[in-house]
Amino acid sequence: GESVGLHLPTLSVQEGDNSIINCAYSNSASDYFIWYKQESGKGPQFIIDIRSNMDKRQGQRVTVLLNKTVKHLSLQIAATQPGDSAVYFCAENSGGSNYKLTFGKGTLLTVNP
Amino acid sequence: GAGVSQTPSNKVTEKGKYVELRCDPISGHTALYWYRQSLGQGPEFLIYFQGTGAADDSGLPNDRFFAVRPEGSVSTLKIQRTERGDSAVYLCASSLLDRPLNTGELFFGEGSRLTVL
C-alpha cells in the first residue's frame, strides 16, 4: 500500500554542522506534511509543517522543503546542537485526511559534541 | 493539565489478560486520537474521537481493541485477551480544533508502554 518512508535510518553529525533528513512519500493525494521530533521516552513533538501549495517553509533553525514532482520531503536543521539528538519522523495527512496522519519509519539523528 | 497525560506509563501483563490504558487530554480539547507505535516504527493511527463519539475507528486492528470517551474528555483504550504482538507504545493526542491537520496543533502524550509476556 501507499506509505511514507525515509531514505536514511540513522544520521550522525558534528555539533554546529547542518543536518538534512529526507523522506519519500507515495500518496499523491496527501496535501499536508509535518515533521515531528521524538526524544527517548516521549511523544512526538511538532517541529514544522508545510502544505502542498508551498515548496519551502522556514522556522527557527529548521527548514522544510517539499518536491511534489518526485514526492520528496526534507528537513534541514541549521547549526545542529546536542539537544537536537532524537528520532525524526515525517508524516502526511493520509490521502488528504483532515485528521489522520501516516508516519514514516523515522531517522535517528545523533549529534556529536 | 498542562499537557496530554497518559497512565500507566508502563504496563506489563501476561498473554490473555485484559488491559486498560487511560488518556487525559488537554483541557478543552474536543478531538482525541490514539496511535500505536511499535519498536523502531512510526506511530500508526488507531482511532479518532470528536467529542464523545468515535468518528473513525478504522485503525483498530481487530475486535479485541475498543476505546471509549463517555464524557468527551478522558478516553480509555481497552484491549481484551492480550497477545504478545500487542506490545507497543500506545500514544494519545488531542487537539482544540476539529481539523488540527491544517494547523499542526496536535499534541501527543508520552505514551503508555505495554509489554505482553
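Heads up: these notes are all about the structure in this document. (Residues numbered from 1 in each chain as written. Chains lettered and ligands numbered in written order. Predicted model: local features only at pLDDT ≥ 70, side-chain atom pairs only at ≥ 80, totals over all residues. Heavy atoms only, no water.)

1. What about the packing of aromatic side chains?
Any two aromatic rings considered together are summarised by their centre-to-centre distance and by the angle between their planes.
And step 1. In total, this model carries 11 aromatic pairs over all chains according to the counting rule given.
And step 2. Taking the centre distance of 4.5 Å and the plane angle of 45° together, the rings of Tyr-25 of chain A and Phe-33 of chain A count as tilted.
And step 3. On the accessibility criterion, Tyr-25 of chain A (7% relative accessible area) is buried.
And step 4. A relative accessible area of 2% means that Phe-33 of chain A is categorised as buried.
And step 5. Considering the side-chain rings of Phe-89 of chain A and Phe-103 of chain A, the 6.2 Å spacing of their centres and the 85° angle between planes classify their relative orientation as edge-to-face. Of this pair, Phe-89 of chain A sits in strand E9 (residues 86–93) while Phe-103 of chain A sits in strand E10 (residues 101–103); the two residues are 14 residues apart in sequence, bridging distant segments of the chain.
And step 6. Its relative accessible area of 2% is what places Phe-89 of chain A among the buried residues.
And step 7. Ring pairs connect the aromatic residues Tyr-36, Phe-89, Tyr-99 and Phe-103 of chain A together with Tyr-33, Tyr-35, Phe-45, Tyr-48 and Phe-108 of chain B, which therefore count as one cluster. (Phe/Tyr/Trp six-rings, centres within 6.5 Å; stacked < 30°, edge-to-face > 60°. Buried < 20%, exposed > 50% of the residue type's maximum accessible area, 1.4 Å probe, protein only. Helix = DSSP H or I, 4+ residues; strand = E, 2+ residues; numbered from the N terminus.)

2. Notes on the sheet that holds strand E7 (residues 65–68) of chain B
Residues and elements named next belong to chain B.
And step 1. The sheet built from four strands is open, its strands ordered E1-E3-E8-E7 with antiparallel pairing. The two strands at the open ends of the sheet, each matched to only one other strand, are strand E1 (5–7) and E7. Pairwise comparison of adjacent strand axes, ignoring direction, gives a mean angle of 15° for this sheet.
And step 2. Sheet analysis places E1 next to strand E3 (residues 19–24), joined by three bridges and oriented antiparallel. By the bridge assignment for E3, Gln-6 is matched with Cys-23. (Pairing = 2+ DSSP bridges. Axes fitted to C-alpha atoms, helices over the stretch in contact; angles between N-to-C directions.)

3. Focus: the pairing of strand E11 (residues 112–116) of chain B
Residues and elements named next belong to chain B.
And step 1. Taking every second residue as pointing to the same face, the buried face of E11 carries Ser-112, Leu-114 and Val-116, while none of Arg-113 and Thr-115 on the other face is buried.
And step 2. Relative to E11, strand E2 (residues 10–13) runs parallel, the two being bridged by four bridges. Bridge pairing links Lys-11 to Leu-114 in E11.
And step 3. Strand direction decides the pairing type here: strand E9 (residues 88–95) and E11, joined by three bridges, are antiparallel. Each bridged residue has a counterpart across the sheet, and for Ala-88 the counterpart in E11 is Leu-114.

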